[in-house]
Amino acid sequence: MDDLRVNSQLVIPSAELQWRFSKASGPGGQNVNKTNSRVELIFDLNATSALGPFRKKRLLNQLQHRLVAGCVRVVAAEERSQYQNRQLALSRLAYFLRMGLEAVPKTRKPTKPSQAAKKRRLQAKKLRGKLKRTRQSKPSLDA
């Protein structure tokens, strides 16, 4: 199997990926009972040499809900063939690693409008109200 290319800077050697195969459940007829098409891909984050300490720490933090004993586990059993499930598992693992390595967006700092902005807003409201009042046609009592 080839190495897993996560992005342009990161490639996971195939030797660091563990594969497990089993019989899949669901549709597929007799094929399900005969072939080990379900694929489980395991990548040990703690033991990898492909990641530096900063990337390791970030992935361990970002993917903590997916980790089991420091390992990322991806399961694919949708397709009938083991090869297709292997490709699916590889692409999912690459996706998870890419998402885990992305920088966390900065939190928005709430701001308040300036005094001048408040004044301009109130001035515009007064002008609008004045314009609407002039449009109202009130019948005069003289006529």
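Here's what I pulled together on the structure shown here. (Residues numbered from 1 in each chain as written. Predicted model: local features only at pLDDT ≥ 70, side-chain atom pairs only at ≥ 80, totals over all residues. Heavy atoms only, no water.)

1. Some details on the overall build of the protein
Broken down by element type, the protein carries four helices and six strands. For the C-alpha atoms alone, the extent of the protein along its principal axes is close to 100 × 45 × 25 Å. Split into buried and exposed, the 143 residues of the protein put 26% on the buried side. Counting contacts in the protein only where the partners sit at least 6 residues apart, residues at least 24 apart contribute 59% of the total. Looking at the protein as shown, the accessible area adds up to about 10,900 Å², and 52% of this sits on carbon and sulfur atoms. Between the mean site of the 31 positive side-chain charges and the mean site of the 9 negative ones, the protein shows a separation of 19 Å. (Helix = DSSP H or I, 4+ residues; strand = E, 2+ residues; numbered from the N terminus. Buried < 20%, exposed > 50% of the residue type's maximum accessible area, 1.4 Å probe, protein only. Contact = heavy atoms within 4.5 Å. Areas by Shrake-Rupley, 256 points an atom, 1.4 Å probe, with all protein chains shown as cover. Lys, Arg positive; Asp, Glu negative; His and termini not counted. Charge placed at Lys NZ, Arg CZ, Asp CG, Glu CD.)

2. Details of the pattern of salt bridges
By the definition in use, this model includes four salt bridges. A salt bridge links arginine 20 to glutamate 40, with the nearest nitrogen and oxygen atoms 3.9 Å apart. With a gap of 20 residues between them, arginine 20 in strand β3 (residues 17-22) and glutamate 40 in strand β4 (residues 38-44) connect regions that are remote in the sequence. The class for arginine 20 is partly exposed, based on a relative accessible area of 48%. Overall, glutamate 40 belongs to the buried group, its relative accessible area being 7%. A salt bridge links arginine 38 to glutamate 40, with the shortest nitrogen-to-oxygen separation between them at 3.8 Å. The exposure class assigned to arginine 38 is partly exposed, which follows from its relative accessible area of 23%. Salt bridges linked by common partners bring Arg20, Arg38, Glu40 and Arg73 together as one network. (Salt bridge = Lys/Arg side-chain N within 4 Å of Asp/Glu carboxyl O.)

3. Observations concerning the packing of helix α2 (residues 53-62) against helix α3 (residues 82-101)
Axis separation between α2 and α3 bottoms out at 8 Å; the angle between their running directions is 105°. The orientation of α2 with respect to α3, classified from their angle, is roughly perpendicular. For the pair α2 and α3, contact is made by Arg55, Arg58, Leu59 and Gln62 and by Leu97, Gly100 and Leu101, respectively. (Axes fitted to C-alpha atoms, helices over the stretch in contact; angles between N-to-C directions. Parallel < 35°, antiparallel > 145°, perpendicular 65-115°, else oblique.)

4. Some details on the environment of arginine 73
With respect to the helices, strands and loops of the structure, arginine 73 is situated in strand β6 (residues 71-76). Residues arginine 73 and lysine 130 lie 57 residues apart in sequence; the distance between their C-alpha atoms is 67 Å. When neighbours within four sequence positions are excluded, arginine 73 is seen to be in contact with Arg38, Glu40, Leu41, Ile42 and Arg66. Among the polar contacts made by the side chain of arginine 73, one reaches the side chain of glutamate 40 at a distance of 2.5 Å. (Polar contact = N/O pair within 3.5 Å; in protein donor to acceptor, adjacent residues only side chain to side chain.)

5. Notes on a positive patch on the surface
On the surface, a cluster of positive charge is made up of Lys112, Lys118, Arg121 and Lys125. For arginine 121, the location among the structural elements is in helix α4 (residues 115-135). (Patch = residues over 30% accessible without salt bridge, like charges linked within 9 Å, V, L, I, M, F, W, Y side chains within 5 Å.)

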